[in-house]
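# Observations on the model geometry
In case you want the letters, here they are:
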Amino acid sequence: MTTDLPLSGVRVIDLTRILSGPFCSMLLGDLGAEVVKIEAPEGDPVRKQGHIVRGLSWYFAAFNRNKKSVALNLRDPEGVAVLERLLAGADILTENFRPGVLERMGLTDARLREINPDLIVVSVNGYGSTGPYADRPAFDFIAQAMSGFMATNGTPETGPLRSAPPITDLVAGLYAALGAVAALRGRESGGSAQRVEASMMMSMMSMMAYLSSNALATGHDPVPTGNDHPIASPYGLFRTADGDIAVAPSTETIVRRFMREIGLERLLDDPRFGNNEMRLRHRLELNALIDEALANGTQDEWIARLNEAGVPCGRIQTMTEALADPQVAAQDMVLRVPDERYGEVAMTGFPVKFSETPLQVRNVTPQLGADGKATLLAAGLSCDEIDLLIEKGVLGP
């Protein structure tokens, strides 16, 4: 194995806070980049959110591992001047301000090019930097609502439903990290440094798959179908003798395997169920017949039988059950990392696996401002200059 991670040697100055931007910069840090998180003197608000264990928000730790922290007052012109010194030696700037905030700080595109012509600027925002909503404040719930996602989630009886996790934050952060890596590759291949942007609303819309495709093709809104699949049947939750199981026969071949295994293959010769279009029309009838057949076995029995037959199937797990699942353990997706300040900290692991450069938690979470002096010394400031900045309240101690 090699010791260098994929982004070793890449330096990121991170102005993001809350979730979408910190998720992006954490992904870059996980891949080996040196990420310097610039925080307001009071710190990222997420430091005080979620469950606090021994003084640490595990929610904050889950999205800010593998980073350093510099507490810098960017409302002070001297703070902005320090930031410019840091940007001069950086590869990437990440930010998730509303469009126009950097410009009001004096960091226009022209100024950033003057400071560092090789700097890649990665922006995560609500709606994009152009268009009638560019200046609106955004939050995950609003992006879920406006992207069409909530209208397709739930059922006609429940009405629109949000996703429990902040999915638009996460998708936008993921796209931003992908864009950052692509921009780095382009720059290394001789191209110019460029601005990369990912917005929460547009990122979510790109994930709507067959829902948006069908709406574009027909001009009609998809009907929310809850746990049933909008374009496939049978597909969803079915009742066994001791509880529900999730079954996903996504092709005609798998549908036949499923129906054969549960003793209902004959129904595929019934005109009501002979093809997917007809099964969608008669979904309630078919689901009732499947529930009746599955009532002859338990969850565990059917999960074993159906997976053995090549039919994707599983149980509905609670969050704690999923975290304790043996497959999750085998994939190292729950990490328990010792830390001298906070004791053992548990967090989700790395979903992307590298054969030669496995990812690791190099820093559980940065203490607010703990890396300020060292970072500024490395940027060329003297000890006297740094002490004066601390005295003025520009730099956190």
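Above this note sits the structure.
What comes next is a walk through the structure. (Residues numbered from 1 in each chain as written. Predicted model: local features only at pLDDT ≥ 70, side-chain atom pairs only at ≥ 80, totals over all residues. Heavy atoms only, no water.)

Size it by volume and the largest pocket reaches roughly 1,200 Å³. Every element with two or more residues in the lining of the largest pocket is listed here: helix 1 (20-30), helix 2 (58-64), helix 8 (167-188), helix 15 (319-323), strand 14 (334-339) and strand 15 (343-348). The biggest single contributor to the lining of the largest pocket is helix 8, with six residues. When its residues are assigned to classes, the lining of the largest pocket shows 29 nonpolar, six polar and five charged. When its volume is computed, the second largest pocket comes out at roughly 520 Å³. The dominant element in the lining of the second largest pocket, judged by the number of residues it contributes, is strand 2 (residues 34-39), at three residues. Residues that form the lining of the second largest pocket fall into these classes: 11 nonpolar, three polar and six charged. (1 Å grid on protein atoms, 1.4 Å probe; cavity = no way out; pocket = protein on both sides within 12 Å on 5 of 7 lines; lining within 4 Å. Points joined across faces, edges and corners; volume = space filled by probe spheres on them. Helix = DSSP H or I, 4+ residues; strand = E, 2+ residues; numbered from the N terminus. Nonpolar A, V, L, I, M, F, W, Y, C, P; charged D, E, K, R; others polar.)

Let us now look at the pattern of salt bridges. All told, the structure shown has 22 salt bridges when counted by the stated rule. Here Glu 261 and Arg 305 are joined by a salt bridge, their closest N and O atoms 3.1 Å apart. Residue Glu 261 is located in helix 11 (residues 252-261), and its partner Arg 305 is located in helix 14 (residues 299-308); the two are separated by 44 residues in the primary sequence. One salt bridge in this structure joins Arg 272 and Glu 285, with 2.8 Å as the shortest N-O distance. Of the two residues, Arg 272 sits in the loop between helix 11 and helix 12 (276-281) while Glu 285 sits in helix 13 (residues 283-294), which places them 13 residues apart along the sequence. Judged by relative accessible area, Glu 285 falls into the partly exposed class, the value being 35%. (Salt bridge = Lys/Arg side-chain N within 4 Å of Asp/Glu carboxyl O. Buried < 20%, exposed > 50% of the residue type's maximum accessible area, 1.4 Å probe, protein only.)

What follows covers the sheet that holds strand 2. Taken in spatial order, the six strands make up an open sheet running 5-2-1-6-7-10, and their pairing is parallel. Every other strand in the sheet has two partners, leaving strand 5 (68-71) and strand 10 (195-199) as the edge strands with one partner each. Averaged over all adjacent pairs, the angle separating strand axes in this sheet is 20°, with direction ignored. By the bridge criterion, four bridges tie strand 1 (residues 11-14) to strand 2 in an arrangement that is parallel. What sits directly across from Asp 14, in strand 2, is Lys 37. (Pairing = 2+ DSSP bridges. Axes fitted to C-alpha atoms, helices over the stretch in contact; angles between N-to-C directions.)

With that out of the way, let us pick up helix 1. Counted residue by residue, helix 1 has 11 buried out of 11 residues, so it is predominantly covered. Ser 20, Gly 21, Pro 22, Phe 23, Cys 24, Ser 25, Met 26, Leu 27, Leu 28, Gly 29 and Asp 30 are the residues of helix 1 that are buried. If you follow the buried residues of helix 1, they end up packed against strand 1, strand 2, helix 2, strand 6 (92-95), strand 7 (120-125) and helix 8. One or two positions beyond helix 1, positive phi appears at Gly 32, with a value near 115°. (Contact = heavy atoms within 4.5 Å.)

The three strands are arranged 11-12-13 in an open sheet whose pairing can be described as antiparallel. The sheet is open, and its two edges are formed by strand 11 (236-240) and strand 13 (313-315), each paired on a single side. Taken pair by pair, the neighbouring strands of this sheet meet at an average axis angle of 35°, ignoring direction. Of the pairings in the sheet, the one linking strand 11 to strand 12 (residues 243-247) comprises five bridges and is antiparallel in character. Bridging from a neighbouring strand, Gly 236 pairs with Val 247 of strand 12. Against the sheet, helix 13 makes contact with strand 11 and strand 12, and its axis sits at roughly 40° relative to strand 11, the strand it touches most. Of the strands in this sheet, strand 11, strand 12 and strand 13 touch helix 14, which is tilted by about 155° from strand 13.

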